[in-house]
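The lines below spell out each chain.
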Amino acid sequence: MTGRADSAEVLLALLIVLLVLRDQLARVLSAPALATWTTVFVSVLVQAVPFLVFGVLLSAVIAVFVPRSFWGRALPKHPALAVPVASAAGVVLPGCECGAVPIAGSLIRRGVTPAAALAFLLAAPAINPIVLTATAIAFPNDPEMVLGRAVASLIVAMAMGWLWLRLGRADWIRLPHRPNLEGLRRGEAFWSAVRHDVVHAGGFLVVGAMAAASINVLVPERWLQTLADQPVLSVLALGALAVLLSICSEADAFVAASLSQFSLTSRLAFLVVGPMVDLKLISMQAAIFGRRFAARFAPATFAVAVAVAVITGTVLL
């Protein structure tokens, strides 16, 4: 007899616990607060999952079947001109920010100027058609949010690319290792990319949906309203929340829409910051480009993203 319980024993123990605590569980599950939490959680997931899956599939197709050398050939040779072209290229690359980081690293290794690769890194998860379509569906009564998100994200991407041209140093970037997909057959590489993105992006989506539901239930309405009534604090709070939640860009619009206490400008900051600066991105950037890069690039991107979101929201929303 081993000291490790098998699955049947674990299931039996779980059933006994549920049987003993059935009355307490029934009271908890019937509580209005839990019902509200479940409603918000499920609604965010139901709306976001189709976009997440579609984005992951298309991202895998592009990552596997489109030659990486294509991007180097498509960009202008002059670095200052390559930045806006690389930013606009994000429109044709559906996918989450998790996939954009290694692609940007590969572009740099293929000889693309870092400023253009970094502009692409920031723009691709924020302005691609799937993300903008999800934003339109999440904000059916505020179509200007789609334009605001696209404009603000594109401006931030280009501004950071040009800022790197001005202030960036080559020794801040540690060139990435070769992608793990190389050497695999195309079918294997495709499903490997799909599994990786679904596990990572899907996990962060669940965490984000749980956080959105918890905020709606646990945080008193008057607290949220007090914070929402402070224009500066509300923008900074949702910007910081985007960094902490680390939600996939295909799903963040539905979480933002659930934070209805906050102004559209505050929620725009959430949508602009999230795909560009969050905990998972900072860790991925540190792993691929080096800690010196991440320590400088992430704070600068956050500051520029918040400022541009405020200006764009003031003008368009």
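Rules behind the numbers
- Residues numbered from 1 in each chain as written.
- Predicted model: local features only at pLDDT ≥ 70, side-chain atom pairs only at ≥ 80, totals over all residues.
- Heavy atoms only, no water.
- Helix = DSSP H or I, 4+ residues; strand = E, 2+ residues; numbered from the N terminus.
- Buried < 20%, exposed > 50% of the residue type's maximum accessible area, 1.4 Å probe, protein only.
- Areas by Shrake-Rupley, 256 points an atom, 1.4 Å probe, with all protein chains shown as cover.
- Axes fitted to C-alpha atoms, helices over the stretch in contact; angles between N-to-C directions.
- Parallel < 35°, antiparallel > 145°, perpendicular 65-115°, else oblique.
- Contact = heavy atoms within 4.5 Å.
- Nonpolar A, V, L, I, M, F, W, Y, C, P; charged D, E, K, R; others polar.
- Salt bridge = Lys/Arg side-chain N within 4 Å of Asp/Glu carboxyl O.
- Polar contact = N/O pair within 3.5 Å; in protein donor to acceptor, adjacent residues only side chain to side chain.
- Core = buried A, V, L, I, M, F, W, Y, C linked by side-chain atoms within 4.5 Å.
- Expected span 1.5 Å × (residues − 1).
- Patch = residues over 30% accessible without salt bridge, like charges linked within 9 Å, V, L, I, M, F, W, Y side chains within 5 Å.
- pLDDT = per-residue confidence, 0-100.
- Left-handed = near helix turned anticlockwise from the far one by under 90°.

A. Seen up close, the overall build of the protein chain. If you tally the helices and strands in the protein chain, you get 16 helices and zero strands. Split into buried and exposed, the 317 residues of the protein chain put 46% on the buried side. Carbon and sulfur atoms make up 70% of the accessible area of the protein chain, which amounts to about 15400 Å² in all.

B. Structural view of the packing of helix 7 (residues 114-127) against helix 8 (residues 129-138). In the contact formed by helix 7 and helix 8, the axes pass within 5 Å of each other and the chain directions differ by 40 degrees. It follows from the interaxial angle that helix 7 and helix 8 lie oblique. Where helix 7 approaches helix 8, its residues Pro-125, Ala-126 and Ile-127 are matched on the opposing element by Pro-129, Val-131 and Leu-132. Broken down by class, the residue content of the contact of helix 7 with helix 8 amounts to six nonpolar, no polar and no charged.

C. Broad picture of the pattern of salt bridges. Inspection of every chain in the model, using the stated rule, returns three salt bridges. A salt bridge links Asp-171 to Arg-169; its shortest N-O distance comes to 2.8 Å. Given the relative accessible area of 41%, Asp-171 is considered partly exposed. Asp-171 serves as the salt-bridge partner of Arg-292, at 4.0 Å between the closest nitrogen and oxygen. Of this pair, Arg-292 sits in helix 16 (residues 291-316) while Asp-171 is found in the loop between helix 9 (144-167) and helix 10 (186-218), placing the two residues 121 residues apart along the sequence. Through salt bridges that share partners, Arg-169, Asp-171 and Arg-292 make up one connected network.

D. Layout of the environment of Phe-190. Inspection of the secondary structure assignment puts Phe-190 in helix 10. Between the alpha carbons of Phe-190 and Ala-60 there is a distance of 5.6 Å; along the sequence they are 130 residues apart. With near-sequence residues (within four places) excluded, Phe-190 lies in contact with Leu-57, Ala-60, Val-61, Val-64 and Phe-65.

E. Fine view of helix 8. Along helix 8, the residues that are buried comprise Ile-130, Val-131, Leu-132, Ala-134, Thr-135 and Ala-138. In this structure Asn-128 caps helix 8, since a side-chain oxygen of it lies 3.1 Å from the backbone nitrogen of Ile-130.

F. Representation of the nonpolar core in the model. With 81 residues, the main nonpolar core has Leu-121, Phe-139, Phe-270 and Phe-289 as its most contacted residues. Broken down by element, the residue count for this core peaks at twelve residues, all from helix 7. Not counting chain neighbours up to four residues away, the residues in contact with Phe-289 comprise Val-101, Ala-104, Gly-105, Ile-108, Leu-121, Trp-172, Ile-173 and Arg-174. Within the second largest apolar cluster, seven residues are counted, among which are Val-56, Val-64, Phe-190 and Ala-193.

G. Spatial organisation of helix 16. Compared with the 38 Å implied by 1.5 Å per residue over 26 residues, the 36 Å span of helix 16 between its first and last C-alpha is a close match. Every buried residue of helix 16 is listed here: Phe-293, Ala-294, Phe-297, Ala-298, Thr-301, Ala-305, Val-306, Val-308, Ala-309, Thr-312 and Gly-313. Residues of helix 16 that are buried make contact with helix 7, helix 9, helix 12 (231-245), helix 14 (264-273) and helix 15 (279-289).

H. Representation of a nonpolar patch on the surface within the structure. A surface patch of nonpolar side chains, about 510 Å² in accessible area, is lined by Leu-147, Val-151, Ile-155, Ile-311, Val-315 and Leu-316. Looking at the nonpolar patch, the elements with two or more residues in it are helix 9 and helix 16. For Val-151, a relative accessible area of 30% corresponds to the partly exposed category.

I. Spatial organisation of the confidence of the model for the protein chain. Across the protein chain, the average pLDDT comes to 81, with 80% of residues at 70 or higher. Summarising per-element confidence for the protein chain, the mean pLDDT is lowest in helix 2 (residues 22-29) (62) and highest in helix 14 (97). Across residues 1-7, confidence stays below pLDDT 50; counting only partners more than four residues off in sequence or on other chains, it has two contacts.

J. Spatial organisation of the packing of helix 14 against helix 16. Here helix 14 crosses helix 16 at 140 degrees, and the two axes come no closer than 9 Å. Classified by the interaxial angle, the pair formed by helix 14 and helix 16 is oblique. Seen from above, helix 14 lies across helix 16 with right-handed handedness. On helix 16, the residues touching Thr-265, Leu-268, Ala-269, Val-272 and Val-273 of helix 14 are Phe-302, Ala-305, Val-306, Ala-309, Val-310, Thr-312, Gly-313 and Thr-314. In the contact of helix 14 with helix 16, the residues fall into nine nonpolar, four polar and no charged.

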